[in-house]
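Listed here are the chains, written in short residue letters.
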Amino acid sequence: MPVNSSGFGNSRTKFEPKDGNCLVFIGQDMAVVGGLDDYSNGYCDYFKIPAGITIYTGLAKGGVSYGHYFKGNDGIKTTVNWGAGDTCGQCYLENDNFNNSMIAVGLSMVDNEKKIAKGEHDKLIIELAQWIKDSERPIFLRVGYEFDGWDWNHYNKKYYLEAWKRIHTIFKEMQVTNVAFVWQSKGTGSNQEVLEEWYPGDELVDWCAYSYFGNPDQEMLTFARRHNKPVFIAEATPVLEQGGLFFNADLSDEEIAKRVWEQWFKGFIATLNTNKDAIKAFSYINADWSSQPMWTNNPVFQKVDSRIQESEYLSKRWKEEMANPRYLQASPELWENLKLQK
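Keep in mind it's a predicted model, so treat the numbers as computed, not measured. (Residues numbered from 1 in each chain as written. Predicted model: local features only at pLDDT ≥ 70, side-chain atom pairs only at ≥ 80, totals over all residues. Heavy atoms only, no water.)

Caption draft 1: Broad picture of the overall build of the protein. Of regular secondary structure, the protein possesses nine helices and 15 strands. A compact globule built from 342 residues would reach a C-alpha radius of gyration of about 20 Å, and the protein, at 19 Å, matches this within 12%. Along the first, second and third principal axes, the C-alpha set of the protein runs to 55 × 50 × 45 Å. Restricting to contacts in the protein with at least 6 residues of sequence separation, those with at least 24 account for 73%. Here the protein displays about 14,400 Å² of accessible surface, and carbon together with sulfur accounts for 47% of that area. With 36 positive and 46 negative side-chain charges, the protein shows a spacing of 5 Å between the two charge centroids. (Helix = DSSP H or I, 4+ residues; strand = E, 2+ residues; numbered from the N terminus. Rg over C-alpha atoms; globule rule 2.2 N^0.38 Å. Contact = heavy atoms within 4.5 Å. Areas by Shrake-Rupley, 256 points an atom, 1.4 Å probe, with all protein chains shown as cover. Lys, Arg positive; Asp, Glu negative; His and termini not counted. Charge placed at Lys NZ, Arg CZ, Asp CG, Glu CD.)

Here it is as structure tokens:
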């Protein structure tokens, strides 16, 4: 197949921007995203409306998380909170500020991949597919994200892959054309052999993705280049590790913010800029992790407040970097820059 100078094929995959461009997403709860009537002190109240918003949901019934009882597709049509801030996908679709923004949906299958594979959650899949179809905008669907997060997701490989295929098949049968399927690693620890074993297949995956909390994942970048897939850094937040311990990343403290800029943001931006051929989207998690019940006892996130707007120092530098026209924000012309058909 002919390749361009970046090493990728000349034809782009679904929603992939042109060479050199990168889609900007922000997540992951309504308070920290902002730009909404009842949530007006978040990222979107200080910076440009991004190309997309990141939300989360899951294909699970039963179970409880910090007082929330899961019904399946939680947080898609109504506002809910399971311990990590309010979330509501429909709220963005109905707000004029986000008319030109896409949505990235993190779809959990934890403890339910076997039921999904065997068809027990087909009604939930159909409901989600219809919601995406009705949105009439590009949606990135991160099916079973962080599949290799063994400690927290503990997926069964056989049923994980079968569930992926079933979800993809139902979406295809329903002719949902405004969705891109995203396959996401946790970002560290999985070599090429592991990635190949867990890969649903080129015909089922539109984008490869990984989480960026510490160092860049060269394994996923290598894998994606070999499979001619664009890369989405689907979760990114400044987590700093020193001597095996996670330390303070509270951006509301200017001295800490300056240190975090030097030790995390510069490396993250360098990763974006030195991998322009591969990384075509990123989602920054602009959250006060330390205040949310889900993370208050988590050693990784319990000292993290990654809200850029809390630091004048960081805000200035972030605005300077995001002013580069290669970073795509919301605009009436945005979707014209993307390949919208498979």
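Caption draft 2: A look at the pairing of strand 5 (residues 102-108). In terms of burial, strand 5 is a largely internal element, seven of the seven residues being buried. Here strand 5 shows a buried face lined by Met102, Ala104, Gly106 and Ser108 and a second buried face lined by Ile103, Val105 and Leu107. Relative to strand 5, strand 2 (residues 52-58) is paired through seven bridges, and the arrangement is parallel. Across the sheet, threonine 54 pairs through a bridge with alanine 104, a residue of strand 5. Bridge count between strand 5 and strand 6 (residues 139-143): five bridges; the pairing is parallel. (Buried < 20%, exposed > 50% of the residue type's maximum accessible area, 1.4 Å probe, protein only. Pairing = 2+ DSSP bridges.)

Caption draft 3: Molecular detail of helix 5 (residues 157-173). In this model, helix 5 (17 residues) spans 24 Å end to end at C-alpha, consistent with the 24 Å of a helix rising 1.5 Å per residue. Taken as a whole, helix 5 has its buried residues at Tyr159, Tyr160, Ala163, Trp164, Ile167, His168, Ile170 and Phe171. A side-chain oxygen of the first residue of helix 5 lies 3.1 Å from the backbone nitrogen of lysine 158; this N-cap is asparagine 156. The first or second residue beyond helix 5 is glutamine 175, which carries a positive phi of 60°. (Expected span 1.5 Å × (residues − 1). Polar contact = N/O pair within 3.5 Å; in protein donor to acceptor, adjacent residues only side chain to side chain.)

Caption draft 4: Representation of the pattern of salt bridges within the structure. One pass over the structure, following the stated rule, counts 15 salt bridges. Its salt-bridge partner being glutamate 262, residue lysine 266 comes within 3.0 Å of it at the nearest N-O pair. Residue lysine 266 and its partner glutamate 262 are both found in helix 8 (residues 254-274); the two are separated by four residues, about one turn of the helix. The partly exposed category is assigned to lysine 266, whose relative accessible area is 40%. Residue glutamate 262 is classed as partly exposed on the basis of its relative accessible area of 43%. (Salt bridge = Lys/Arg side-chain N within 4 Å of Asp/Glu carboxyl O.)

Caption draft 5: Up close: the side chain of aspartate 305. Tracing the backbone through its elements, the reader meets aspartate 305 in strand 14 (residues 304-305). Within the structure, the side chain of aspartate 305 is placed 2.7 Å from the side chain of arginine 307, a separation counted as a polar contact. Setting aside anything within four residues of it in sequence, one finds aspartate 305 in contact with Ala249, Asp250, Leu251, Ser252, Ala287, Asp288, Trp289 and Glu310.

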